[in-house]
Amino acid sequence: MLDFENVTFSWSKEKAPLIKDLSFHVTPGAFVALIGVSGCGKSTIFKLINRLIQPASGQILIRGEDIGKSRGPAGYMPQKDLLFPWRTIRRNLMLPMEIARVPAKEMEERTSAMLEEIGLADYADKYPHDLSGGMRQRVSFGRTLLTDADLLLLDEPFSALDALTRINMQEWLLKEWSRYHKTVLFITHDVEEAIFMSDQIYLVHDRPIRSLEVIDVPADRPRTRDLLTRPDIVQLKSSLVDRLRKEASL
Ligand SMILES: Nc1ncnc2c1ncn2[C@@H]1O[C@H](COP(=O)(O)OP(=O)(O)OP(=O)(O)O)[C@@H](O)[C@H]1O
Ligand SMILES: [Mg+2]
């Protein structure tokens, strides 16, 4: 689904590269968590995939095709929810379809269906500031789904939520993922969240980023939160936290 081939990137010519000769791939349908200490370059990887910035060398492929050639290659949910405050919830959801020039009737039908799906049909004509943080995240996620991309890049989608809302949203997202058969690449600082949600965890473990360490999460689906108390999973969690602590102190 996604391949990085020897990608090198730096924010400026004077600076040492942030990413150097990085190769990795994500298989179709996978749910992958990307973790690493603050400032290591996770969001930068997403911006590269979205062509907001260009690598100095190397290639990024989606479905085997160079991202330069495909149009709107991935659905991107940025670190901050970027809903437009002056647009209603319905019109925020319509945005990607307006850009893709989807016919009006289809756009209205799909928006109404998505409003049901994210449980916000009653809020269609409200504005973002009328909604709670969890609701806004659902709108933001719904809008990302309506881009029709089969690769979704979610940058810390739940970081601003309280603990309980966050748990509900994690379970909700897993349901949506299994329903839509999307490939998800998901950035989080929460190790437990990474374990609960993903098939694999990709750990940023060096600077510049030369490789991602791939850790398989040894658990079947569907999952329940009991998973998080299983001894081998508790062990996995504490070893990941230790790794991140060490990285942070480098
Ligand atoms: N627009 C920019 N111009 C110059 N440098 C930038 C820019 N955006 C990010 N950087 C630098 O690139 C590095 C990686 O930033 P990035 O946002 O990718 O980190 P991150 O892993 O997503 O961090 P966090 O977990 O805090 O979100 C940082 O040192 C940051 O200062
Ligand atoms: Mg970031």
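Residues numbered from 1 in each chain as written. Chains lettered and ligands numbered in written order. Predicted model: local features only at pLDDT ≥ 70, side-chain atom pairs only at ≥ 80, totals over all residues. Heavy atoms only, no water.

(A) Looking closely at the nonpolar core. Core analysis: the largest hydrophobic core is formed by 80 residues, its most contacted members being Leu 2, Phe 4 and Ile 49. Split by domain, the residues of this core number at least three in each of domain 1 (1-74 + 163-250) and domain 2 (80-148). (Core = buried A, V, L, I, M, F, W, Y, C linked by side-chain atoms within 4.5 Å. Buried < 20%, exposed > 50% of the residue type's maximum accessible area, 1.4 Å probe, protein only. Domains from an automatic or database assignment.)

(B) Seen up close, the environment of Ser 112. Assignment of secondary structure puts Ser 112 in helix H3 (residues 104-117). The class of Ser 112 is partly exposed, set by a relative accessible area of 34%. Residues Ser 112 and Ala 149, 37 residues apart in the sequence, show an inter-C-alpha distance of 19 Å. (Helix = DSSP H or I, 4+ residues; strand = E, 2+ residues; numbered from the N terminus.)

(C) Representation of the domain arrangement of the protein chain. For the protein chain, the assigned domains are domain 1 (1-74 + 163-250) and domain 2 (80-148). A separation of 26 Å is found between the C-alpha centroids of domain 1 and domain 2. Taken together, the contacts link eight residues of domain 1 with nine residues of domain 2. Both faces considered, domain 1 and domain 2 share a buried interface measuring about 790 Å² in area, 67% of it formed by carbon and sulfur atoms. When the buried area of domain 1 at its contact with domain 2 is split by residue, Met 169, Trp 172 and Lys 182 rank highest and sum to 51% of it. At the boundary of domain 1 and domain 2, one finds one salt bridge. When the shortest N-O distance is used, the salt bridge between Glu 117 and Arg 179 registers 3.1 Å. Counting across the interface, domain 1 meets domain 2 through one residue pair in polar contact (both at pLDDT 80 or more). (Contact = heavy atoms within 4.5 Å. Buried area = accessible area lost by both parts, 1.4 Å probe. Salt bridge = Lys/Arg side-chain N within 4 Å of Asp/Glu carboxyl O. Polar contact = N/O pair within 3.5 Å; in protein donor to acceptor, adjacent residues only side chain to side chain.)

(D) Spotlight on the environment of Val 191. In this structure, Val 191 sits in helix H6 (residues 191-197). For the pair Val 191 and Val 241, spaced 50 residues apart in the sequence, the C-alpha separation amounts to 7.0 Å. Apart from the residues lying within four places of it in its own chain, the contact partners of Val 191 are Lys 237, Leu 240, Val 241 and Leu 244.

(E) Summary view of the pairing of strand E9 (residues 200-204). Summarising burial for E9: five of the five residues are buried, a large majority. With burial as the criterion, each face of E9 is covered, one bearing Gln 200, Tyr 202 and Val 204 and the other bearing Ile 201 and Leu 203. By the bridge criterion, four bridges tie strand E3 (residues 31-35) to E9 in an arrangement that is parallel. When the bridges of E9 are listed, Ile 35 appears paired with Leu 203. Relative to strand E10 (residues 212-216), E9 runs antiparallel, the two being bridged by five bridges. (Pairing = 2+ DSSP bridges.)

(F) Fine view of helix H7 (residues 231-248). With 18 residues, H7 should cover 26 Å at 1.5 Å per step; its first-to-last C-alpha distance of 26 Å lies within 8% of that length. Turning to H7, its buried residues number three or more, namely Ile 233, Leu 236, Leu 240, Leu 244 and Glu 247. Angularly, the buried residues of H7 cover 65 degrees about the axis, an arc narrow enough to put them on a single face. Exposed residues lying more than 90 degrees from the buried face of H7 are Pro 231, Gln 235, Arg 245 and Lys 246. On its buried face, H7 is in contact with E3, H6, E9 and E10. (Expected span 1.5 Å × (residues − 1). Arc of directions from axis to C-beta.)

(G) Expanded view of the pairing of strand E7 (residues 151-155). When you tally the buried positions in E7, you get five out of five residues, the bulk of the element. Sheet topology note: the strand E6 (residues 75-77)/E7 ladder contains three bridges and is parallel. Bridge pairing in E7 places Tyr 76 opposite Leu 153. Note: E7 against strand E8 (residues 183-187), five bridges, orientation parallel. Across the sheet, residue Leu 153 finds its bridge partner in E8, namely Leu 185. As a crossover connection, the stretch from E7 through helix H5 (residues 163-180) into E8 is right-handed. (Right-handed = clockwise from strand over helix to strand, strands pointing away.)

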